[in-house]
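One letter stands for each residue in the lines below.
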Amino acid sequence: MPLIPDFIHGLNAHQYFVKMMKVYTDYGRRIATMKAILQASKFEFFKTDFHNSGLIECLLEVINQGTEVHLDVREYAFNILSNICNGNRDNQKEFRRMKGIEYLKTNLAYSEVE
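Residues numbered from 1 in each chain as written. Predicted model: local features only at pLDDT ≥ 70, side-chain atom pairs only at ≥ 80, totals over all residues. Heavy atoms only, no water.

Observations regarding unusual backbone geometry
Within the chain, Lys 99 stands out as a residue other than glycine whose phi angle is a positive 60°. As for its position among the elements, Lys 99 is in the loop between helix 7 (89-97) and helix 8 (100-108). Lys 99 gets classed as exposed once you look at its relative accessible area, which sits at 53%. (Helix = DSSP H or I, 4+ residues; strand = E, 2+ residues; numbered from the N terminus. Buried < 20%, exposed > 50% of the residue type's maximum accessible area, 1.4 Å probe, protein only.)

Set out below in structure tokens:
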């Protein structure tokens, strides 16, 4: 089904996914949105469009909330960040500029078992 990502990109649906991440904080909508973003984040044209969309900031906020957020939501945030930064210098720079490395180190050093 290689046409589906092109179709979604053509509709700018990925921008709506970012808006949904910013607006909705309930578990159901957020996890559904993150699943869609995770799949989109595997394609180069989405990675480019996610640059400066506010997605990195939103994902870092999720990670920074620690145990206030479900573990699987944080795992999706880590995976999405990994995908959109992989091979994309602009996203890597934005991630570093927003202190993403410090957030990751703090989150990974967390010792409480969930």
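Some remarks on the packing of helix 6 (residues 71-85) against helix 7
Remark: helix 6 packs on helix 7, axes separated minimally by 7 Å, with the N-to-C direction vectors making an angle of 130°. As summarised for this structure, helix 6 and helix 7 are arranged oblique, according to the angle between their axes. Packed against helix 6, whose contacting residues are Leu 81, Ile 84 and Cys 85, the element helix 7 presents Asn 91, Gln 92 and Phe 95 at the interface. For the contact of helix 6 with helix 7, the residue count by class is four nonpolar, two polar and no charged. (Axes fitted to C-alpha atoms, helices over the stretch in contact; angles between N-to-C directions. Parallel < 35°, antiparallel > 145°, perpendicular 65-115°, else oblique. Contact = heavy atoms within 4.5 Å. Nonpolar A, V, L, I, M, F, W, Y, C, P; charged D, E, K, R; others polar.)

Examining helix 7
Where helix 7 is concerned, the buried positions are Asn 91, Gln 92, Glu 94 and Phe 95. With its buried residues spanning 165° around the axis, helix 7 presents them on a single face. Looking at helix 7, the residues exposed on the side facing more than 90 degrees away from the buried face are Arg 89 and Arg 97. Buried residues belonging to helix 7 abut helix 4 (44-50), helix 5 (55-64), helix 6 and helix 8. Among the residues of helix 7, the N-terminal cap falls to Asn 88, whose side-chain oxygen and the backbone nitrogen of Asp 90 are separated by 3.2 Å. At the C-terminal side of helix 7, Lys 99 shows a positive phi close to 60°. (Arc of directions from axis to C-beta. Polar contact = N/O pair within 3.5 Å; in protein donor to acceptor, adjacent residues only side chain to side chain.)

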